[in-house]
Amino acid sequence: MIWDTHAHLDDLVYKEDFLEVVERMKSAGISRMTNVGYDLPSSERSVKLAQDYDFIYAAIGVHPHNAEEANDDTWERLLELVKKSKVLAWGEIGLDYYRDLSPRLIQKEVFIQQIKLANEVGLPIVIHNRDAHQDVLEIIKTTPPQYGGIFHCYSGSWEMAKVLLNMGFYLSFAGPVTYKNARQTVEVAKQAPLDRILVETDSPYLTPEPRRGKRNEPTYVVEIVHKIAEIRNASFEDIAEQTMRNAKTIFKSN
Ligand SMILES: [Zn+2]
C-alpha cells in the first residue's frame, strides 16, 4: 500500500483513459492519492475527484505561476472548498523563480497570504520551491505554518534539508530521485530521517526512470519507492509502509 502524495489526475491528458489509469494504480497497490490544486478551477476539480473516489484526497491552493490571478474572491471560494470533506492540505503554494510566471513580489504576497489561511483553517501546506530557496526560507521563518508542511519534489541540498527537517517539515521525493544526475537528491533521500519522507509522482510531470519523458501516472510511484529502498538499503515494503504512515501523520488521516 502506497500513498502518492502529489498528483494532478484532473489534467486533460487523462481525459481519454482516466478509468484505466485508476485501475492500474489500484492493482499496483497505490491505495491513496492526493490530487493537488494549483488555481481555483483545479482546486475545485481536486475536491470533486475526492468526492467521487474514495482513494482520492484533495489539496487546494494557488501555485506561484498563478499568483497574479488570485484576489479576495479566490480566497473566499477556497475557504468554502476547505469545508468539504477530504481536503487534507493547502497547496501547492510557494515561489518559482525559474519560470517567473508571476512577478516575484506578488508570488511572495500570495504565498504568505495562503500560509495564514492554512493556519486559520488548520491545514498543513504543500510547498513548491524552484530556485527560490532563500526567500522560501525567509517566509516560512517569519510566517511559520502552524500545522506543518511538505516540500514537494524536494530538490535542494542536504544543508537546506537539515534546516527544514529541524523546523518539522516533511520532504517528498518524485521522479528526479531516479534520474542519473540526481546526486544531491539521492544524498538527501539517504540521510533524511525515515519518519519524515514521502513519495509522490507529480503526475503527469516528472516521470521516473525507465519511462522518463513519457506521461506520468500514480502507478509509477513504485519506481520512487524502489529507488529510495535501494538508496537506503531497505526493503520495498518498509519504505512503502513508512511513507504511508508519514502521509497519514502529516495529512491527519487514518
Ligand atoms: Zn504539482
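All of these numbers come straight from a predicted model, not from anything done at the bench.

Student: It is not clear to me how the environment of Y170 should be interpreted in this structure. Could you clarify?
Tutor: Turning to its location among the elements, Y170 is positioned in strand 7 (residues 170-173). The exposure class assigned to Y170 is buried, which follows from the 27 C-beta atoms found within 10 Å. Along the backbone, Y170 and A189 are 19 residues apart, and their C-alpha atoms lie at a distance of 12 Å. Ignoring anything within four residues of it in the chain, the contact list for Y170 reads I150, R196, L198, N246 and I250.

Student: Would you mind showing me how to read the pairing of strand 1 (residues 2-7) here?
Tutor: The side chains of a regular strand alternate between both faces of the sheet. For strand 1, a buried count of six out of six residues is recorded, marking the element as mostly surrounded by other parts of the structure. By the bridge criterion, four bridges tie strand 1 to strand 2 (residues 30-36) in an arrangement that is parallel. Within strand 2, the residue paired with D4 across the bridge is M33. You can see the chain leave strand 1, run along helix 1 (residues 18-27) and come back into strand 2, and the turn it takes is right-handed.

Student: I tried to follow the nonpolar core on my own but got confused; where do I start?
Tutor: As a rule of thumb, soluble globular proteins bury nonpolar side chains together. In this structure, A58, L171 and F173 are the most contacted members of the largest nonpolar core, which totals 71 residues. If one sorts the elements of this core by residue count, strand 4 (residues 87-96) sits on top with six residues. For L171, the residues in contact, after removing those within four places along its chain, are F151, Y154, A161, L164, V188, A192, R196 and I197.

Student: I'm lost on the environment of M244 in this one. Help?
Tutor: Looking at where M244 falls in the secondary structure, it is placed in helix 9 (residues 236-250). Note: C-alpha distance between M244 and R104 (140 residues apart in sequence) is 35 Å. When residues no more than four places from it in sequence are discounted, the contact partners of M244 are M1, I2 and W3.

Parameters and conventions
Residues numbered from 1 in each chain as written. Predicted model: local features only at pLDDT ≥ 70, side-chain atom pairs only at ≥ 80, totals over all residues. Helix = DSSP H or I, 4+ residues; strand = E, 2+ residues; numbered from the N terminus. Buried ≥ 20, exposed ≤ 12 C-beta atoms within 10 Å, placed from the backbone. Contact = placed C-beta atoms within 7 Å. Pairing = 2+ DSSP bridges. Right-handed = clockwise from strand over helix to strand, strands pointing away. Core = buried A, V, L, I, M, F, W, Y, C linked by C-beta atoms within 7 Å.

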